[in-house]
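One letter stands for each residue in the lines below.
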Amino acid sequence: MGLLNERYGDHQSRDYITYLDLSQIGNLKIYKPPKEEYGAIDIVPYEILSEKHPLVAKNKAKIGSYDYTLDIWVHRNVGAVGIDCVCLAKNYSKPCPLCEYATERVKQFGREDKEYLQMKAKRRVVYNVVDAMKEKVEILVFEVSHFLFEKELIEKAKYEGNRRGIGPYLDFADPENGYTIEFRTSIVSYEGREALRYKDFVFNKRENFQITEELMGKAISFDKYIILRDYNELMGILTGNDLPIENEEKEMKEENEEEGRIFTRKRVRRNIEEDKVDDKVEEKREEEVSDRKPVPQRKTRKSKETNVEKCPYGLVFGQDCDEYDVCDDCKVWKQCRAYGRDYVPPF
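## Quick word on the environment of D322
1) Next: Counting through the fold element by element, D322 comes out in the loop between helix 9 (279-291) and helix 10 (333-342).
2) Next: Looking at D322, the relative accessible area reads 22%, which means it is partly exposed.
3) Next: Considered as a pair, D322 and R337 are 15 residues apart in the sequence and their alpha carbons are 8.3 Å apart.
4) Next: Non-local contacts of D322, meaning those with residues more than four positions away in its chain, are made with R111, C327, W333 and R337.

## Overview of the pairing of strand 6 (residues 122-131)
1) Next: Counting buried positions over the 10 residues of strand 6 gives nine, a clear majority of the element.
2) Next: With three bridges connecting them, strand 1 (residues 38-43) and strand 6 associate as antiparallel partners. Bridge pairing in strand 6 places I43 opposite V129.
3) Next: The sheet contact formed by strand 4 (residues 70-78) and strand 6 spans five bridges and is antiparallel. Bridge pairing links D71 to V125 in strand 6.
4) Next: Bridge analysis of strand 6 against strand 7 (residues 140-145) gives six bridges, and the strand direction is antiparallel. Across the sheet, the residue bridging to N128 is V141, located in strand 7.

## What to know about the packing of aromatic side chains
1) Next: Under the counting rule described, the total for this entry stands at 14 aromatic pairs.
2) Next: Judged by centre distance (5.8 Å) and plane angle (10°), the rings of F172 and F203 are stacked. Note that F172 is positioned in the loop between helix 6 (146-164) and strand 8 (179-190) and F203 in strand 9 (residues 193-205), a separation of 31 residues in sequence.
3) Next: Looking at F172, the relative accessible area reads 4%, which means it is buried.
4) Next: Ring plane angle 70° and centroid distance 5.4 Å describe the contact between F183 and Y198, whose orientation is recorded as edge-to-face. A residue pair is termed long-range when its members are at least 10 positions apart, and F183 in strand 8 and Y198 in strand 9 qualify at 15 residues. The two residues F183 and Y198 agree in class, both being buried.
5) Next: Members of the aromatic cluster, connected to one another through ring pairs, are Y31, Y68, Y127, F142, F149, F172, F183, Y198, F201 and F203.
6) Next: The aromatic ring of Y179 is capped on one face by K205, whose charged end is 4.6 Å from the ring centroid.

## Some details on the pairing of strand 5 (residues 83-86)
Moving residue by residue along a regular strand, the side chains alternate between the two faces of the sheet.
1) Next: Judged from the three bridges that link them, strand 4 and strand 5 form a sheet pairing that is antiparallel. Considered in strand 5, the bridge of V78 is made with I83.
2) Next: A loop of four residues connects strand 4 with strand 5, the two strands running antiparallel in sequence, and G79 in this loop sits at a positive phi of about 75°.

## Let's talk about the packing of helix 4 (residues 97-109) against helix 8 (residues 231-239)
1) Next: Contact pair helix 4 / helix 8: the axes reach a minimum separation of 8 Å and the direction vectors enclose 50°. If you check the angle between helix 4 and helix 8, you find them oblique. For the pair helix 4 and helix 8, contact is made by P97, L98, E100 and Y101 and by Y231, L234, M235 and L238, respectively.
2) Next: Considered class by class, the residues forming the contact of helix 4 with helix 8 number seven nonpolar, no polar and one charged.

## Some details on the nonpolar core
1) Next: Grouped together as the largest cluster of nonpolar side chains are 45 residues, with contacts concentrated most on Y19, L20, V44, L70, L98, V141 and F222.
2) Next: Of all the elements in the fold, those that place two or more residues in this core are strand 4, strand 5, helix 3 (88-92), helix 4, helix 5 (114-119), strand 6, helix 7 (213-218) and helix 8.
3) Next: If near-sequence neighbours (up to four positions away) are discounted, L98 is found in contact with H75, V78, C85, M119, L234 and L238.
4) Next: Counting residues in hydrophobic clusters, the runner-up holds 23 residues, among them L153, A173, Y179 and F203.

## Thoughts on the environment of C99
1) Next: Within the secondary structure layout, C99 lies in helix 4.
2) Next: We classify C99 as buried; its relative accessible area is 18%.
3) Next: C-alpha separation for the pair C99 and A89, spaced 10 residues apart in sequence, amounts to 7.4 Å.
4) Next: Contact partners of C99, with chain neighbours within four places excluded, come to H75, C87 and A89.

## Quick word on the pattern of salt bridges
1) Next: Within this structure, the stated rule accounts for 12 salt bridges.
2) Next: Between R105 and E115 there is a salt bridge, with the nearest N and O atoms lying 3.8 Å from each other. With a gap of 10 residues between them, R105 in helix 4 and E115 in helix 5 connect regions that are remote in the sequence.
3) Next: For R184, the salt bridge goes to D200, with nearest N and O atoms at 2.7 Å.

## Points about helix 8
Along an α-helix, residues three or four positions apart point the same way, because every turn accommodates 3.6 residues.
1) Next: Within helix 8, eight of the nine residues are buried, which leaves it mostly tucked inside the rest of the structure.
2) Next: Turning to helix 8, its buried residues number three or more, namely Y231, N232, L234, M235, G236, I237, L238 and T239.
3) Next: Near the N-terminus of helix 8, the side chain that reaches the backbone nitrogen of N232, with its oxygen 3.2 Å away, is that of D230.
4) Next: Among the residues trailing helix 8, G240 stands out with phi positive, at a value near 90°.

Thresholds applied
- Residues numbered from 1 in each chain as written.
- Predicted model: local features only at pLDDT ≥ 70, side-chain atom pairs only at ≥ 80, totals over all residues.
- Heavy atoms only, no water.
- Helix = DSSP H or I, 4+ residues; strand = E, 2+ residues; numbered from the N terminus.
- Buried < 20%, exposed > 50% of the residue type's maximum accessible area, 1.4 Å probe, protein only.
- Contact = heavy atoms within 4.5 Å.
- Pairing = 2+ DSSP bridges.
- Phe/Tyr/Trp six-rings, centres within 6.5 Å; stacked < 30°, edge-to-face > 60°.
- Lys NZ or Arg CZ within 6 Å of the ring centre and 35° of its normal.
- Axes fitted to C-alpha atoms, helices over the stretch in contact; angles between N-to-C directions.
- Parallel < 35°, antiparallel > 145°, perpendicular 65-115°, else oblique.
- Nonpolar A, V, L, I, M, F, W, Y, C, P; charged D, E, K, R; others polar.
- Core = buried A, V, L, I, M, F, W, Y, C linked by side-chain atoms within 4.5 Å.
- Salt bridge = Lys/Arg side-chain N within 4 Å of Asp/Glu carboxyl O.
- Polar contact = N/O pair within 3.5 Å; in protein donor to acceptor, adjacent residues only side chain to side chain.

Purely spatial values, then, with no claim about function.
So, in structure tokens, the structure goes:
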């Protein structure tokens, strides 16, 4: 290995996913999907080894069972150092100061607030894959947005399972009877930057290739490497003070005079009185609030109702509200949220 690769190459691979501690894994290799071209992969399942796995924490899986992906909610670029932090609320149903801060921002400044959009938890997925476009068989780590990859993949697997009459889903990740996944990528604007969107999924029976026990033994158990921080540690990263609180009953307060914020352990709130906001901007905000029309009250939905709006992104109207990043810019968000509040599923 050359000196530059010795110094930088391995570190770049280790820092690829900052919410996982992959520094213990030697010769870590990353899957790089093609841009605006066709690609193909085989997904290799991994053994669940830790209680940190979100499905284990929710009693939906057991240690020793297998999963094909790590589906996890993450707060991205948190604090001055800009690290990714695993969400305590969405993954483990525990209080999360980053979620509390994001909620407070949207309450005070609306859903277009840049800090809210930055801080809200994002859904990510991580896979062990083999690049089916290459002859060399090796484990590669593939980390990507759930919305841009997994969501479309599962929808196509559900469609193919029903179409072929083999069950509710086509089990593409099965080691013995699974499928090679082909796809096409396109460049889109996502979360303020360019990203790849995956589409045109095709499932092909594996030919001249098999996921062996030896290959599965090389798959990375991602749950084992989750960097799980407690409430105090996350608060410290958010405020810039990463020292733990010795007395949990003592309320931690740190005032940032430049931004005019007061942070507390029990609640993260904005100190409006000390905000240095232009008077004209404040007046404009008040006028906008006063001009808003209340969301009309909807009657309880019945299963036979047909005049329900459709989600422009193909999600379940009313039920998937605020679950995906695209909800932030959705034109029918108010209607979707109101519908979700009043929705009563048919039984």
